[in-house]
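These are the residues of each chain, in order.
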Amino acid sequence: SISDTYRIAVIGDNSVIKSLNLDAGLHRETQTSMLDVQPRLQFIRYENDSVLNSDDQFLNINYSYELVKSYISLGLDYSRENTMTSEFETTGLIQTNRRRAKYDLTPSYYYEINPETTAFVNISGSDVSYQNSSNTALVDYSYTSYSLGLIRELSSINKITFTVYTSKLDAATVESMTTN
């Protein structure tokens, strides 16, 4: 599908923003598996400030496979976009405009112990890097989280979940910056 979206926003001298999104999708499903692949391209043009222009790429892949008493899923997300897009959506603040690459990997495994109880383990990993980010507040980082738990079905409409969760953040060292 193609969507041509025009937006107007106040940026400095009242620039007009033009945005074009191109996306596609592939969905394949069998009795035991499912695959979704969704690439997307986004082109943003600022009428009065071409330095802010951006050509962004995104890819989402989700795969799942169902066994007799278990279920496996894997998600992979990739984005290559300017911080004008990514940081504004994440924090609402834009300190500088740099290219950002982000990878997310999310494998999961569910096992049915009995008809009312399911055990699960989830891992989620992210890796974020910025291009030419020296002398900015942007820092490359990796984030990983792990969860292990049980889901107990109490009735057809009530469930209770017990989860143990931990996470780890690895960030590049930030050198102090001073301005004169």
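Residues numbered from 1 in each chain as written. Predicted model: local features only at pLDDT ≥ 70, side-chain atom pairs only at ≥ 80, totals over all residues. Heavy atoms only, no water.

*Asks:* Can you walk me through the overall build of the protein in this structure?
*Replies:* A tally of regular secondary structure across the protein gives 1 helix and 10 strands. Listing each helix as α and each strand as β along the protein from the N terminus yields β-β-β-β-β-β-α-β-β-β-β. The proportion of buried residues among the 180 residues of the protein is 24%. Intrachain contacts of the protein at a sequence separation of at least 6 include 43% that bridge at least 24 residues. With the model as given, the accessible surface of the protein reaches about 12200 Å², and the carbon-plus-sulfur share is 54%. (Helix = DSSP H or I, 4+ residues; strand = E, 2+ residues; numbered from the N terminus. Buried < 20%, exposed > 50% of the residue type's maximum accessible area, 1.4 Å probe, protein only. Contact = heavy atoms within 4.5 Å. Areas by Shrake-Rupley, 256 points an atom, 1.4 Å probe, with all protein chains shown as cover.)

*Asks:* When you look at the environment of Lys18 in this model, what are you seeing that I'm missing?
*Replies:* Examined against the element boundaries, Lys18 turns out to sit in strand E2 (residues 16-23). Along the primary structure Lys18 and Tyr46 are separated by 28 residues, whereas in three dimensions their C-alpha atoms are 6.5 Å apart.

*Asks:* Looking at this structure, I do not really get the environment of Gly75. What am I missing?
*Replies:* With respect to the helices and strands, Gly75 occurs in strand E6 (residues 70-82). A C-alpha to C-alpha distance of 6.3 Å links Gly75 and Pro107, two positions 32 residues apart in sequence. Among residues more than four places away in sequence, those in contact with Gly75 are Ile61, Asn62, Asp104, Leu105 and Thr106.

*Asks:* Whenever I open this one, the pairing of E6 confuses me. Can you help?
*Replies:* As defined by bridge partners, strand E5 (residues 54-66) adjoins E6 across 10 bridges and the pair is classed as antiparallel. Paired with Ser64 across the two strands is Ser73, which belongs to E6. With antiparallel pairing between neighbouring strands as the criterion, E5 and E6 make up a hairpin whose turn holds 3 residues. Bridge count for E6 against strand E7 (residues 99-114) is 13 bridges, and the pairing is antiparallel. Bridge pairing links Glu81 to Arg100 in E7. (Pairing = 2+ DSSP bridges.)

*Asks:* What am I meant to see in the side chain of Ser54 here?
*Replies:* With respect to the helices and strands, the residue Ser54 is situated in strand E5. A polar side-chain atom of Ser54 sits 2.4 Å from a polar atom in the side chain of Asp56. With sequence-adjacent residues up to four places away left out, Ser54 is seen in contact with Gln42, Phe43, Ile44, Arg45, Asn82 and Arg99. (Polar contact = N/O pair within 3.5 Å; in protein donor to acceptor, adjacent residues only side chain to side chain.)

*Asks:* How do you make sense of the pattern of salt bridges when you look at a structure like this?
*Replies:* When the charged atoms of two side chains lie near each other, side chains of opposite charge can form a pair. Within the structure shown, the criterion is met by 5 salt bridges. Here Arg45 ties to Asp55 by a salt bridge, and the two come within 2.7 Å at their closest N and O atoms. Pair noted here: Arg45 is in strand E4 (residues 33-46) and Asp55 is in strand E5, with a separation of 10 residues, a long-range link. Here Arg45 falls in the partly exposed class, since its relative accessible area comes to 34%. (Salt bridge = Lys/Arg side-chain N within 4 Å of Asp/Glu carboxyl O.)

*Asks:* Help me out: how do you make sense of the environment of Lys69 in this one?
*Replies:* Secondary-structure assignment places Lys69 in the loop between E5 and E6. Here Lys69 is in contact with Tyr110, Tyr111, Glu112 and Ile113, once residues within four sequence places are set aside.

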